[in-house]
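Observations on chain architecture
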Amino acid sequence: GLDMDHTLVRYNTEKFELLTFKEILKKLVKSKKYPASIQRLSFDFNDAIRGLVIDKVRGNLIKLGTYGRVKKVIHGNHHLTHEEIEAIYQDLVIDLKDDHFVAVDTTFSISYAVSYARLVALKDAKKININNYSEIADDIAHALNISHMDDSLKKVVRNNLSKYIIQDPEVVVYLERMKKAGKQLFLITNSDYSYTKALLDYTISPYLPKNSHWSKLFDLIIVNSNKPAFFTARQSFLKIDPKNGLLSNMTGELKKGIYQGGSAKVLEKDFNLKGPEILYLGDHIYGDILTLKRSCNWRTALIIEEMADEVERFSSAKEYLGRIDELMREKIDIENSLNILLENKVKIKKKGEAQGVDSLFKLLKEVDNEVGQLIKKYNSYFNESWGEVMRSGIEKSRFAAQVEKYACIYMSKLSDLGEYSSRHYFRPHRILMPHEL
């Protein structure tokens, strides 16, 4: 099973999010009466990363560690210090079920996060008259939803496919290989039929044999699926005539064809499939992966397009990690020696022993300084404000923890699966506990 946007079809994400950012501001001016001057705000794609959380009450963008504790914070244009973070959050564990917080779960949300930070800065500078930070977040969410629903974004993409959409012939090679191997292929997308057709005509059909069509690759095509409700609710299917896009009621069992709406349970029943027999690939940790895993028990694969760049940067920077590990082992040895001396400090009578303590403290300081410099060099390879997508210091980020918990596998793009045989079985690595190390 395949999602379309950012999964089967790859976007030029930075250009698309700039388009979305501009559309958000335009709609805020038109429907929410924000001053026209906000349309001059600048957009920097690197000002946010996937996995951040918006604190609507305090006006902050925050990065969380594995257990939901706040690790980094930006308020408007201001990077908060460790002391400022401690004063505000005081080791608070962030619960994303709380409506005061909004997760930046996909690259579709980068424009949301950046526009929020820009408008928070304007509110603080008293350049926009908005009651509170929550109102800004809600207004942006409204503008973003309307932009995706009213065709203002999709129309621009359809008219400029080469600018916003990436053609990847390896995707077609992979899909054809899966079909030859006897796999059933399902396309399940929230996009409407006309938009789906436009994108697949551009990305799939050019790489198929003459007189072939992208619809022949799929046993089932479901548009306007309304995920995550597709996985949790009993929605009706409507059949789509591919010649004109007209809808008709579906009667009987689900068969090969193009549909709108529907539900995962009916798909399983009519195609005689069990949850673990299906692998579904999507880019949204909540809408495609978490909800699906909890409700249907399908196998899950998450597309994280940033991973290709992040792996490359990690490969360039990992030499620093090796040296950091060496120094940390040295630090542990020094601390152990120091602890022995300090535990016996009452007995220290000789001058030499006191000097030994001073010498060890000096060594510790030197090691800490070198480690600090190496960490700065390592971090310089990643996002200047937020660091790695999958890490928050020595911890995994909250986003990485969700990936680990709910995604059976993950990759940067669909065609990465082409590196493996159609019969390949993905096995988990043995995860060691501290007592096994």
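I will try to describe carefully the structure that is included in this document.

About the cut-offs
Residues numbered from 1 in each chain as written. Predicted model: local features only at pLDDT ≥ 70, side-chain atom pairs only at ≥ 80, totals over all residues. Heavy atoms only, no water. Helix = DSSP H or I, 4+ residues; strand = E, 2+ residues; numbered from the N terminus. Buried < 20%, exposed > 50% of the residue type's maximum accessible area, 1.4 Å probe, protein only. Contact = heavy atoms within 4.5 Å. Lys, Arg positive; Asp, Glu negative; His and termini not counted. Charge placed at Lys NZ, Arg CZ, Asp CG, Glu CD. Phe/Tyr/Trp six-rings, centres within 6.5 Å; stacked < 30°, edge-to-face > 60°. Lys NZ or Arg CZ within 6 Å of the ring centre and 35° of its normal. Salt bridge = Lys/Arg side-chain N within 4 Å of Asp/Glu carboxyl O. Axes fitted to C-alpha atoms, helices over the stretch in contact; angles between N-to-C directions. Parallel < 35°, antiparallel > 145°, perpendicular 65-115°, else oblique. Left-handed = near helix turned anticlockwise from the far one by under 90°. Nonpolar A, V, L, I, M, F, W, Y, C, P; charged D, E, K, R; others polar. Core = buried A, V, L, I, M, F, W, Y, C linked by side-chain atoms within 4.5 Å. Patch = residues over 30% accessible without salt bridge, like charges linked within 9 Å, V, L, I, M, F, W, Y side chains within 5 Å. Areas by Shrake-Rupley, 256 points an atom, 1.4 Å probe, with all protein chains shown as cover. Pairing = 2+ DSSP bridges.

1. Overview of the overall build of the protein
- When helices and strands are tallied, the protein shows 14 helices and 17 strands.
- For the protein, the spread of C-alpha atoms along the three principal axes comes to 95 × 60 × 35 Å.
- By the burial criterion, 46% of the 437 residues in the protein qualify as buried.
- Across the protein, every contact between residues at least 6 apart in sequence was considered, and the portion connecting residues at least 24 apart equals 71%.
- The average position of the 66 basic charges and that of the 59 acidic charges among the side chains of the protein differ by 3 Å.

2. Describing the packing of aromatic side chains
- As enumerated under the stated definition, the model contains 13 aromatic pairs in all.
- Geometrically, the ring pair formed by Y11 and F16 is edge-to-face, given 5.1 Å between the ring centres and 70 degrees between the ring planes.
- Residue class for Y11 comes out buried when judged on its relative accessible area of 4%.
- By way of ring pairs, the aromatic residues F230, F231, Y280 and W298 are connected into one cluster.
- Against the face of Y133 rests K123, its NZ or CZ located 5.7 Å from the ring centre.
- Positioned above the aromatic ring of Y195, the side-chain terminus of K154 is 5.3 Å from the ring centre.

3. Overview of the pattern of salt bridges
- Within this structure, the stated rule accounts for 24 salt bridges.
- For D139, the salt bridge goes to K32, with nearest N and O atoms at 3.9 Å. Of this pair, D139 sits in helix 4 (residues 133-149) while K32 sits in the loop between helix 1 (13-31) and strand 2 (53-55), and the two are 107 residues apart along the sequence.
- Between R323 and E370 there is a salt bridge, and its shortest N-O distance comes to 3.2 Å. Taken together, the positions of R323 in helix 12 (residues 306-343) and E370 in helix 13 (residues 351-379) put the pair 47 residues apart, joining distant regions of the chain.
- Among the charged side chains, a network of salt bridges with common partners joins E23, K26, K27 and D150.

4. A closer look at the packing of helix 11 (residues 285-295) against helix 14 (residues 398-406)
- Interhelical geometry of helix 11 versus helix 14 gives an angle of 40 degrees and a closest axis separation of 10 Å. Relative to helix 14, helix 11 is oriented oblique. Note that helix 11 runs across helix 14; the crossing there is left-handed. Of helix 14, the residues touching helix 11 (which contributes I285, I289, L290, K293 and R294) are F399, Q402, V403 and Y406.
- Classifying every residue of the contact of helix 11 with helix 14 gives six nonpolar, one polar and two charged.

5. A word on the nonpolar core
- The biggest cluster of nonpolar side chains holds 47 residues, and the ones touching the most others in it are L28, I38, Y116 and L119.
- When contributions to this core are tallied by element, the ones reaching two or more residues are helix 1, helix 3 (110-124), helix 4, helix 11 and helix 14.
- Setting aside residues up to four positions removed in sequence, I38 forms contacts with L25, L28, V29, L119, L122 and I128.
- Core analysis: the second largest hydrophobic core is formed by 41 residues, L19, L200, V223 and I240 among them.

6. A short note on a negative patch on the surface
- Taken together, the side chains of E83, E84, E86 and D91 present a region of like negative charge at the surface.
- Among the secondary structure elements, E86 is positioned in helix 2 (residues 82-89).

7. Notes on the environment of K376
- Residue position: K376 is located in helix 13.
- Between the alpha carbons of K376 and Y320 there is a distance of 9.7 Å; along the sequence they are 56 residues apart.

8. Concerning the sheet that holds strand 12 (residues 257-261)
- Ordered by their spatial adjacency, five strands build an open sheet running 8-9-12-10-11, and the pairing between neighbours is mixed. Edge strands, defined here as strands with exactly one partner in the open sheet, are strand 8 (186-188) and strand 11 (247-249). Across the sheet, the mean angle separating the axes of adjacent strands is 30 degrees when strand polarity is ignored.
- Sheet analysis places strand 10 (residues 237-240) next to strand 12, joined by three bridges and oriented antiparallel. Note that in strand 12 the partner of F237 across the bridge is G261.

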